[in-house]
Number of protein chains: 2
Amino acid sequence: MDTLVHNVWIITMDNSEKRIPFHGYLSILDGRIHDIDSGKPDQSLIDEAKEVIDGGGKWLMPGLVNTHGHLGSSLLRGHGDDLKLVTWLKTVMWPNEAKFDHDLVQTAAELAMMEMISSGTTTFLDMYHLAMPELAQMVQEKGLRAVLCRGMIAFGTESEQDEKIREAVSLADSYHNAADGRIRVMMSPHAPYTCPPDFYLKAAEQAMNHQLMLHTHISESPGEVDEHLRKYGMRPVEHMHRLGLLNDEVLLAHAVHLTDEELSMLKETNTAVSHNPMSNLKLGSGIARVPEMNRQGIRVSLGTDSTASNNNLDLFEEMRFAALIHKGVNHNPESTDAYSILRMATVDGASILGYSQTGTIRQGSDADFILINPDQPHLTPWTPERVVSHLVYAAKGSDVTDVWIRGRRQLENGFFLEFDRERILHKSNELVKYFE
Amino acid sequence: MDTLVHNVWIITMDNSEKRIPFHGYLSILDGRIHDIDSGKPDQSLIDEAKEVIDGGGKWLMPGLVNTHGHLGSSLLRGHGDDLKLVTWLKTVMWPNEAKFDHDLVQTAAELAMMEMISSGTTTFLDMYHLAMPELAQMVQEKGLRAVLCRGMIAFGTESEQDEKIREAVSLADSYHNAADGRIRVMMSPHAPYTCPPDFYLKAAEQAMNHQLMLHTHISESPGEVDEHLRKYGMRPVEHMHRLGLLNDEVLLAHAVHLTDEELSMLKETNTAVSHNPMSNLKLGSGIARVPEMNRQGIRVSLGTDSTASNNNLDLFEEMRFAALIHKGVNHNPESTDAYSILRMATVDGASILGYSQTGTIRQGSDADFILINPDQPHLTPWTPERVVSHLVYAAKGSDVTDVWIRGRRQLENGFFLEFDRERILHKSNELVKYFE
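Calculation rules
- For every chain, the first residue of the written sequence is number 1, and numbering continues from 1 along that sequence.
- Lettering of chains starts at A and numbering of ligands starts at 1, both following the order in which they are written.
- Predicted model: local features are reported for residues with pLDDT of at least 70 only, side-chain atom pairs are reported and counted for 80 or more only, and whole-chain, interface and lining totals are derived from all residues.
- With hydrogens and water stripped out, all remaining heavy atoms of the structure feed into the side-chain values.
- Counting from the N terminus, the helices are the DSSP runs of H or I reaching at least four residues and the strands are the DSSP runs of E reaching at least two.
- To get the radius of gyration, use the C-alpha atoms; to get the globule rule, take the number of residues to the power 0.38 and multiply by 2.2 Å.
- Classification of residues uses two cut-offs on accessible area relative to the type maximum, computed with a 1.4 Å probe and protein chains only: under 20% is buried, over 50% is exposed, and between them is partly exposed.
- Note on areas: Shrake-Rupley, 1.4 Å probe, and residue coverage restricted to the protein chains presented here.
- A residue counts as positive if it is Lys or Arg and as negative if it is Asp or Glu; His and the chain ends are not included.
- The atoms used to mark charge sites are NZ of Lys, CZ of Arg, CG of Asp and CD of Glu.
- Residue contacts are defined here by distance: any two heavy atoms, one from each residue, within 4.5 Å place the two residues in contact.
- Buried area is understood as the total, over both parts, of accessible area removed when two parts are fitted together, assessed with a 1.4 Å probe.
- Any Lys or Arg side-chain nitrogen located within 4 Å of an Asp or Glu carboxyl oxygen qualifies as a salt bridge.
- Here a polar contact is recorded for every N or O atom pair within 3.5 Å, except that within protein the pair must consist of a potential hydrogen donor and a potential acceptor, and residues adjacent in sequence are included only if both atoms are side-chain atoms.
- Note on method: axes are straight lines fitted to C-alpha atoms, helices fitted across the in-contact stretch only, with angles between N-to-C directions ranging 0 to 180 degrees.
- Should the near helix be turned counterclockwise from the far one by less than a right angle, the crossing is left-handed, whereas a clockwise turn marks it as right-handed.
- Residue polarity follows a fixed list, in which Ala, Val, Leu, Ile, Met, Phe, Trp, Tyr, Cys and Pro are nonpolar, Asp, Glu, Lys and Arg are charged, and the others, Gly among them, are polar.
- When the copies are superposed, the least-squares fit takes in the C-alpha atoms of residues with a pLDDT of at least 70 in both.
- Pairs were defined over the aromatic rings of Phe, Tyr and Trp, the Trp ring being its six-membered one, requiring ring centres within 6.5 Å. Orientation was assigned from the angle between planes: stacked under 30 degrees, edge-to-face over 60, tilted for the rest.
- As a reminder, the over-ring test applies to NZ of lysine and CZ of arginine, requiring each to be within 6 Å of the ring centre and within 35 degrees of the ring normal.
- Note that the domain bounds were set by an automatic or database domain assignment.
- For the purposes of this section, nonpolar cores are sets of buried Ala, Val, Leu, Ile, Met, Phe, Trp, Tyr and Cys residues that join through side-chain atoms within 4.5 Å.
- Two strands pair if DSSP finds at least two bridges between them.
- To estimate the expected span of a helix, count its residues, drop one, and scale the result by 1.5 Å.
- Working definition: the arc comes from the directions between the helix axis and the C-beta atoms, pointing outward to the latter.
- Reported orientations rely on four angle classes, namely roughly parallel under 35 degrees, roughly antiparallel over 145, roughly perpendicular from 65 to 115, and oblique for the rest.
- A crossover gets the label right-handed when its path from the first strand over the helix to the second runs clockwise, viewed with the strands pointing away from the viewer.

Quick look at the overall build of chain A
Here comes step 1: When its secondary structure is counted, chain A shows 16 helices and 16 strands.
Here comes step 2: Scaling as 2.2 N^0.38, a compact globule of 436 residues should have a C-alpha radius of gyration of about 22 Å, and chain A matches this with 21 Å.
Here comes step 3: For chain A, the C-alpha atoms occupy an extent of roughly 70 × 45 × 40 Å along the three principal directions.
Here comes step 4: In chain A, buried positions account for 64% of the 436 residues.
Here comes step 5: Approximately 14900 Å² of chain A is accessible, and the part contributed by carbon and sulfur atoms is 47%.
Here comes step 6: With 40 positive and 61 negative side-chain charges, chain A shows a separation of 2 Å between the mean positions of the two kinds.

Following this line, the structure appears as structure tokens:
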């Protein structure tokens, strides 16, 4: 046994019938969960383990899964807020991103990974257009788990477009299913308003050839849907459906403005959604029809989007927004429930990204889990029956004290084991001094 | 000089023209801010001070102001969620509250005060029906700042109603403007659906006689508005207006379902609002028309409501919800802006509660301020220009390291100086084991 963690309250997310955590222990062998049981471990288990950790009564749960983001733009956090989308893109995003180099993007990615790890995220998806092989290398070396997408905007010439697809395929050739399966690669045309139908078809063909999933933004704001309707006579999701682009290997980010018919198309094709409530609110995009998606059994996960439009990567906050806004907008507190939201952020998110070995705590799955310190005013009082509620309605990313990904400890009592915290924070602050 | 805090970035909230913090220092004398300036303090100031604190480049801002809550029900956090209002009241709130004794309510209040202090709140309003004199005593002794309201539900006989009013008046006699003005008392009929018009008039008369403000719930959910219309032929705010109950000494909690006419009544009478976005979402009540209130110049502050319907007391989260939901619902990122939201949670909240000496950092005002540690991934990168954005869109209550109220330090690098943390958390957990 490599590691034994005992004296913890375990939330498995593996069985909807068992929503109440039990007091017990788990052990890790070769990156996987080996033993898991209630009560105290036998002395023989303790003797066998190379490392024994007393969890001190903390909560142990699967690491969180963030199914949509853009790490490369993390240094734009707070650089332009409260602006209309077009103003924001033209005055904040594009002028700055045009000047980003690989070094800056790598620092931004490191910063984002630190923020995610320290707030309990063990699996993330990144869609970006710069320095993706460098990111893949970092993810591999540091022992992280990530879905990497070379985001493609198809505004250029055909040869420029082809070059982007070649880059995406090359990323997949090198890294898809690499690092013990921790890294996955998806084909990622940016959005219907930046990529013509032809380009989507090309991307989808390559996805099929290389057995990759497809990830794209869709129907985020009312304006883009209207424009699509004018241009093609169809709404974006409907259009993708007609092109044969919807299936269970497709993940749509945002999916805010969908008609009943479009929801049916998602259900029928088993297409998945990344719900990004905070970003959708902040940019004034709107509120996705998540309770309706849940009712229909459409697969929904949670994503933060980037810090340029959120402005943080704490999935506990994202869960809270997802849990609360739909109740308020629909005037119905039964619109969502805490356990379903926690599923979106763990087991459902993992499954949607194509990972079968993470998102739950069970024997044989990868040891991706986090510890949460309940000994705090805002998580008090607690009983086992209240833990799921507290995780969704009261906990913060800062309550996470320890993080393991595939058995490798990333955070130990709040300290990063794989990142040079001081250097990255300092460099980030230096790099932004001359932003426009 | 009692205390000198230097090497801090100061956000004064005192001048809308100066939204960018400056690097400087402040000193405290007899509970008030004595010196405040940019740059480094002179050696003479340092020599004069009894205590010199190097802020280490942290952000210093006014303590936050929570204008609506119920501390006594804090132990119900997470005990019943995702329920319709009536089910929640009948199965969770009422059966448990009926069994609350003074000891339990005091523990609940201590827990809530710890949560608020540790997340940067230096002024709170509490409306509750039990153990208010005991709470007043605690607030006085511990050096806190609070508005205390003996909440009154007028379901009983006339003599029971009168007894409640007598209790409220007695609380005011003993504590209004007590403790160097830290404690204020308001008259607080619970809500139009629990108090008949007669009772409101009686309460208002006592408020006038004793120079107290009036605080009440109003138009929180669609159902209560409909019922009021059926019963009285008028909507609640309209009804209060006709009864002559709206004026600039009145604070309405929630005020979610208001017509254009009712908004005009608030504007015309300068009546103030406590916006409680998270509780309103969680109970499925709806979303108050805050951008419209702001446009009209209606005074708006922020409140958490209780942990039974929020489920936390972190005003940073409340700010985030207030800042984001209106943008999303109105499809307009310009609906709210970070600085206005920060005003609601500081200077506007203080002014609405009747405090002129807190809510801003300026010479002569009470030394109610907090320190925030920006040296964290989720607050990186930062420049002075980004601080207001980070406070509203990225910061957490857990970023608060130090808290002073009227010059008395309540939190020192995360440690409570006036509360027995271990005892209160332990007792809270013990008390709830047998809740229904």
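Picking up where we left off.
Things to note about the interface of chain A and chain B
Here comes step 1: Every contact between the two is made by 68 residues of chain A and, on the other side, 68 residues of chain B.
Here comes step 2: Both sides together, the interface formed by chain A and chain B hides about 5100 Å², and carbon and sulfur atoms give 59% of it.
Here comes step 3: The largest contributions to the chain A side of the interface with chain B come from Asp82(A), Pro377(A) and Arg386(A), which together make up 13% of the buried area.
Here comes step 4: Across the chain A-chain B interface, the total number found is ten salt bridges.
Here comes step 5: Ionic pairing is found between Asp314(B) and Lys396(A), a salt bridge with its closest N-O pair at 2.5 Å.
Here comes step 6: Where chain A meets chain B, there are 35 residue pairs in polar contact (both at pLDDT 80 or more).

Some points on the packing of helix H3 (residues 102-118) of chain A against helix H4 (residues 132-142) of chain A
Helix-helix packing: each pair is described by the crossing angle between the helix axes and the interaxial distance.
Residue and element names in this part refer to chain A.
Here comes step 1: Direction vectors running N to C along H3 and H4 enclose 40°, while the axes themselves pass 10 Å from each other. At the point where H3 passes H4, the crossing takes the right-handed sense. On H4, the residues touching His 102, Gln 106, Ala 109, Glu 110 and Met 113 of H3 are Glu 134, Leu 135, Met 138, Val 139 and Lys 142.
Here comes step 2: Considering only residue class, the contact of H3 with H4 consists of five nonpolar, two polar and three charged.

Some words on the environment of Asp314(A)
Here comes step 1: Looking at the secondary structure, you find Asp314(A) in the loop between strand E12 (300-302) and helix H12 (315-329).
Here comes step 2: Considered as a pair, Asp314(A) and Ser398(A) are 84 residues apart in the sequence and their alpha carbons are 8.8 Å apart.
Here comes step 3: Contacts of Asp314(A), omitting those with residues within four sequence positions, involve Glu115(A), Ser119(A), Lys396(A), Gly397(A) and Lys396(B).
Here comes step 4: Among the polar contacts listed, one links the side chain of Asp314(A) to the backbone nitrogen of Gly397(A), at a separation of 2.9 Å.

Remarks on the pattern of salt bridges
All names here are of chain A.
Here comes step 1: Using the criterion set out here, one finds 64 salt bridges over all chains in the structure.
Here comes step 2: Between Asp 14 and Arg 362 there is a salt bridge; the shortest N-O distance is 3.7 Å. Pair noted here: Asp 14 is in the loop between strand E1 (3-10) and strand E2 (22-29) and Arg 362 is in the loop between helix H14 (347-352) and strand E13 (369-372), with a separation of 348 residues, a long-range link.
Here comes step 3: Here Asp 14 falls in the partly exposed class, since its relative accessible area comes to 38%.
Here comes step 4: Here Arg 406 makes a salt bridge to Asp 180, at a shortest N to O gap of 3.8 Å. Placement of Arg 406 in the loop between strand E14 (400-405) and strand E15 (408-412) and of Asp 180 in the loop between helix H5 (158-175) and strand E8 (183-189) is noted, with a sequence separation of 226 residues between them.
Here comes step 5: A single network of salt bridges, built from pairs that share partners, joins Arg 32, Arg 145, Asp 180, Asp 366, Asp 368 and Arg 406.

Digging into the relation of the copies chain A and chain B
Here comes step 1: In screw terms, the move from chain A to chain B is a rotation of 180° and a rise of 0.0 Å along the axis, fitting with an RMSD of 0.0 Å. Look at the turn and shift together and you get a two-fold axis relating the two. Proximity to the rotation axis, assessed at the C-alpha, singles out Ser398(A) in chain A; its C-alpha lies 3.4 Å from the axis.
Here comes step 2: When the interface residues of chain A are mapped onto chain B, 100% of them again fall at the interface, so both copies present the same face.

Here we look at the packing of aromatic side chains
The geometry of an aromatic ring pair comes down to the distance between the two centres and the angle between the two planes.
Here comes step 1: Inspection of every chain in the model, using the stated rule, returns eleven aromatic pairs over all chains.
Here comes step 2: Seen in terms of ring centroids, Phe100(B) and Phe435(B) are 6.0 Å apart; in terms of plane orientation they differ by 35°. Their pairing is tilted. Taken together, the positions of Phe100(B) in the loop between helix H2 (85-97) and helix H3 (102-118) and Phe435(B) in the segment after helix H17 (421-431) put the pair 335 residues apart, joining distant regions of the chain. Pair check on accessibility: Phe100(B) and Phe435(B) agree, each one buried.
Here comes step 3: Aromatic pair Phe416(B) and Phe419(B): ring centres 6.3 Å apart, planes at 75°, arrangement edge-to-face. Each member of the pair Phe416(B) and Phe419(B) is classed as buried.
Here comes step 4: Grouped by ring-pair contacts, the aromatic residues Trp9(A), Trp59(A) and Trp382(A) constitute a single cluster.
Here comes step 5: Sitting above the plane of the Tyr355(B) ring, Arg145(B) keeps its charged end 5.2 Å from the centroid.

Thoughts on the domain arrangement of chain A
Residues and elements named next belong to chain A.
Here comes step 1: Each assigned domain of chain A is listed with its residue range as follows: domain 1 (3-62 + 365-416) and domain 2 (64-352).
Here comes step 2: Computed over C-alpha atoms only, the centres of domain 1 and domain 2 are separated by 29 Å.
Here comes step 3: Facing the 28 residues of domain 1 at the interface are 30 residues of domain 2.
Here comes step 4: Approximately 2600 Å² of surface area, both sides summed, lies buried where domain 1 meets domain 2, with 64% of it carried by carbon and sulfur atoms.
Here comes step 5: Among the residues domain 1 hides against domain 2, the three largest losses belong to Met 13, Val 392 and Tyr 393. Together they make up 27% of the total.
Here comes step 6: At the junction of domain 1 and domain 2, the tally comes to three salt bridges.
Here comes step 7: Across the salt bridge formed by Asp 368 and Arg 145, the nearest N and O atoms sit 2.6 Å from each other.

Looking at the nonpolar core
Here comes step 1: By size, the foremost hydrophobic cluster in this structure holds 231 residues, and its most contacted members are Met113(A), Met187(A), Met113(B) and Met187(B).
Here comes step 2: Ignoring any residue separated from it by four or fewer positions in sequence, one finds Met113(B) in contact with Leu71(B), Phe124(B), Leu135(B), Met138(B), Val139(B), Leu144(B) and Phe419(B).

Focus: the sheet that holds E15(A)
All names here are of chain A.
Here comes step 1: In spatial order, the strands read E3-E2-E1-E4-E13-E14-E15-E16; together these eight strands make up an open sheet with mixed pairing. Pairing within the sheet leaves two strands with one partner each, and these edge strands are strand E3 (32-38) and strand E16 (415-416).
Here comes step 2: Taken together, the five bridges between E2 and E3 define a ladder with antiparallel strand orientation. For Leu 26, the partnering residue across the bridge sits in E3 and is Ile 36.

Describing helix H6 (residues 197-209) of chain A
All names here are of chain A.
Here comes step 1: In this model H6 runs 18 Å from its N-terminal to its C-terminal C-alpha over 13 residues, within 8% of the 18 Å that 1.5 Å per residue would give.
Here comes step 2: Looking only at H6, the buried set comprises Pro 197, Phe 199, Tyr 200, Ala 203, Ala 204 and Ala 207. Buried residues of H6, seen end-on, are gathered within an arc of 155° and therefore sit on one face of the element. Exposed side chains of H6 directed beyond 90 degrees from the buried face belong to Asp 198 and Asn 209.

Quick word on the sheet that holds strand E2 (residues 22-29) of chain B
All names here are of chain B.
Here comes step 1: Taken in spatial order, the eight strands line up as E3-E2-E1-E4-E13-E14-E15-E16 in an open sheet, and their pairing is mixed. In this open sheet, the two edge strands, each paired with only one partner strand, are strand E3 (32-38) and strand E16 (415-416).
Here comes step 2: As defined by bridge partners, strand E4 (residues 51-62) adjoins strand E13 (residues 369-372) across four bridges and the pair is classed as antiparallel. Residue pairing across strands places Leu 60 opposite Leu 371, the latter belonging to E13.

Some points on the packing of H3(A) against helix H16 (residues 421-431) of chain A
Residue and element names in this part refer to chain A.
Here comes step 1: Interaxial distance between H3 and H16 falls to 10 Å at its minimum, and their mutual angle equals 130°. One finds that H3 runs oblique with respect to H16. H3 and H16 meet at a crossing whose hand is left-handed. Residues Asp 103, Leu 104, Thr 107, Glu 110, Leu 111 and Met 114 of H3 form the contact with H16, whose participating residues are Arg 421, Arg 423, Ile 424, Leu 425, Lys 427, Ser 428 and Leu 431.

Some details on H16(A)
All names here are of chain A.
Here comes step 1: Along H16, the residues classified as buried are Ile 424, Leu 425, Ser 428 and Asn 429. Considered in projection along H16, the buried side chains sweep an arc of 130° and stay on one side of the axis. Exposed side chains of H16 directed beyond 90 degrees from the buried face belong to Glu 422 and His 426.
Here comes step 2: The inward-facing, buried residues of H16 abut H3.

What to know about the pairing of strand E7 (residues 145-152) of chain B
The two faces of a sheet get side chains in turn, since along a regular strand they alternate between them.
Residues and elements named next belong to chain B.
Here comes step 1: Counting buried residues along E7, eight of its eight residues qualify, which places the element largely inside the surrounding structure.
Here comes step 2: What you see with E7 is no split at all: Arg 145, Val 147, Cys 149 and Gly 151 on one side and Ala 146, Leu 148, Arg 150 and Met 152 on the other are buried throughout.
Here comes step 3: Note that strand E6 (residues 121-128) and E7 share six bridges and pair parallel. Across the sheet, residue Tyr 128 finds its bridge partner in E7, namely Arg 150.
Here comes step 4: Chirality of the crossover, the property in question, places the unit of E6, helix H4 (residues 132-142) and E7 among those that are right-handed.

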